[in-house]
Amino acid sequence: MAQDNLEIGAEELLDRIVDGDLPVTTIERIIASQDMMGQIQKKAARLLGPRGLMPNAKMGTLVPSPDKLEPLLNELGNSRPYRTDKEGIVHVAIGKASMGTEKLIGNLEAVLKEIYENKPETYGKSKKGKKASSKGPYVLRAHLGATQSRGTIRLDPRTVDPSSPSYMSDTLKKN
């Protein structure tokens with residue numbers, strides 16, 4: 001997935017965010033060093049916190065020293081934060097509706113390829129006394145939905161499997 005915009009700075013960037021010159025709605029992720037956290041908490045915690053943008057070690061967006069920012073920035077440049085749960089459901093944002101259909105489909109393709117490239121050797125539920133196997137489909141169901149919408153669009157699992165002849169078929173691209 002492409003990185004569209006990158007802003008680098010310290011106090012001056014923080015002031016732009018607080019003053020509204022850099023809208024919080026355009027920010028996807030904030031990376032900071034530990035020494036900047038005091039200023040971020042004083043000036044922008046009320047803006048960034050409710051939107052989940054506060055840097056923290058759990059999300060990998062907080063580093064102990066400024067010299068480790070550049071390697072982290074290179075590492076996170078093309079990555080997307082995602083969540084999984086114990087049922088094997090993956091929650092990942094592929095973009096914003098304002099991005100346009102082609103970019104969203106491109107991002108969806110990148111996410112699906114990454115998921116299938118990192119597929120474990122065995123998956124699925126194991127029966128009592130038996131190991132999990134790698135037989136059967138890896139994706140049982142797939143849904144697309146917007147954050148503030150009521151329903152989701154159910155996708156045919158064959159259209160999200162890169163090894164399938166129906167992968168990203170025209171029916172998916174029309175919706």
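The rules we used
Residues numbered from 1 in each chain as written. Predicted model: local features only at pLDDT ≥ 70, side-chain atom pairs only at ≥ 80, totals over all residues. Heavy atoms only, no water. Buried < 20%, exposed > 50% of the residue type's maximum accessible area, 1.4 Å probe, protein only. Helix = DSSP H or I, 4+ residues; strand = E, 2+ residues; numbered from the N terminus. Arc of directions from axis to C-beta. Contact = heavy atoms within 4.5 Å. Core = buried A, V, L, I, M, F, W, Y, C linked by side-chain atoms within 4.5 Å. Expected span 1.5 Å × (residues − 1). Axes fitted to C-alpha atoms, helices over the stretch in contact; angles between N-to-C directions. Parallel < 35°, antiparallel > 145°, perpendicular 65-115°, else oblique. Left-handed = near helix turned anticlockwise from the far one by under 90°. Nonpolar A, V, L, I, M, F, W, Y, C, P; charged D, E, K, R; others polar.

Our focus in this paragraph is helix α1 (residues 11-19). By the burial criterion, the buried members of α1 are Leu13, Leu14 and Ile17. On an axial view of α1, the arc spanned by its buried residues comes to 100°, and they lie on one face. On the buried face of α1, the contacting elements are α2 (37-48). Phi turns positive, to about 90°, at Gly20, one or two residues after α1.

In terms of nonpolar packing, the biggest core is built from 16 residues, with Ile17, Ile27, Ile30, Ile40, Leu48 and Leu53 touching the most fellow members. For this core, the elements supplying multiple residues, two or more each, are α1 and α2. Sort the elements by how many residues they give to this core and α2 lands first, with four residues. With near-sequence residues (within four places) excluded, Leu48 lies in contact with Ile17, Val24, Ile30, Ile40, Leu53 and Met54. Listed in part, the 12 residues of the second largest apolar core include Ile94, Ile105, Tyr116 and Leu155.

When the terminal C-alpha atoms of α2 are compared, their 12 Å separation across 12 residues is substantially less than the 16 Å that a helix rising 1.5 Å per residue should span. Along α2, the residues classified as buried are Met37, Ile40, Ala44 and Leu48. Viewed along the axis of α2, the buried residues span an arc of 95°, placing them on a single side of the element. Turned more than 90 degrees away from the buried face of α2 sit Lys42 and Arg46, all of them exposed. Those residues of α2 hidden inside the fold are in contact with α1, β1 (32-33) and β2 (62-63).

Close contact between α1 and α2 brings their axes to 10 Å; oriented N to C, the two are set at 30°. One way to sum up the angle between α1 and α2 is to call them roughly parallel. When the axes of α1 and α2 are compared, the crossing they make is left-handed. Contacts from Glu11, Leu14, Asp15, Ile17 and Val18 in α1 reach Gln39, Ile40, Lys43, Ala44, Leu47 and Leu48 in α2. Here the contact of α1 with α2 is built from residues that sort into seven nonpolar, one polar and three charged.

Attention now moves to the environment of Leu14. By the secondary structure assignment, Leu14 is in helix α1. If we ignore the near neighbours within four places in the chain, the residues touching Leu14 are Gln39, Ile40, Lys43 and Ala44.

The next subject is the environment of Ile40. Relative to the helices and strands, Ile40 resides in helix α2. Residue Ile40 is classed as buried on the basis of its relative accessible area of 5%. Separated by 26 residues in sequence, Ile40 and Leu14 place their C-alpha atoms 7.2 Å apart. In contact with Ile40, other than residues within four places in its own chain, are Leu14, Ala32, Ala45, Leu48, Met54 and Pro55.

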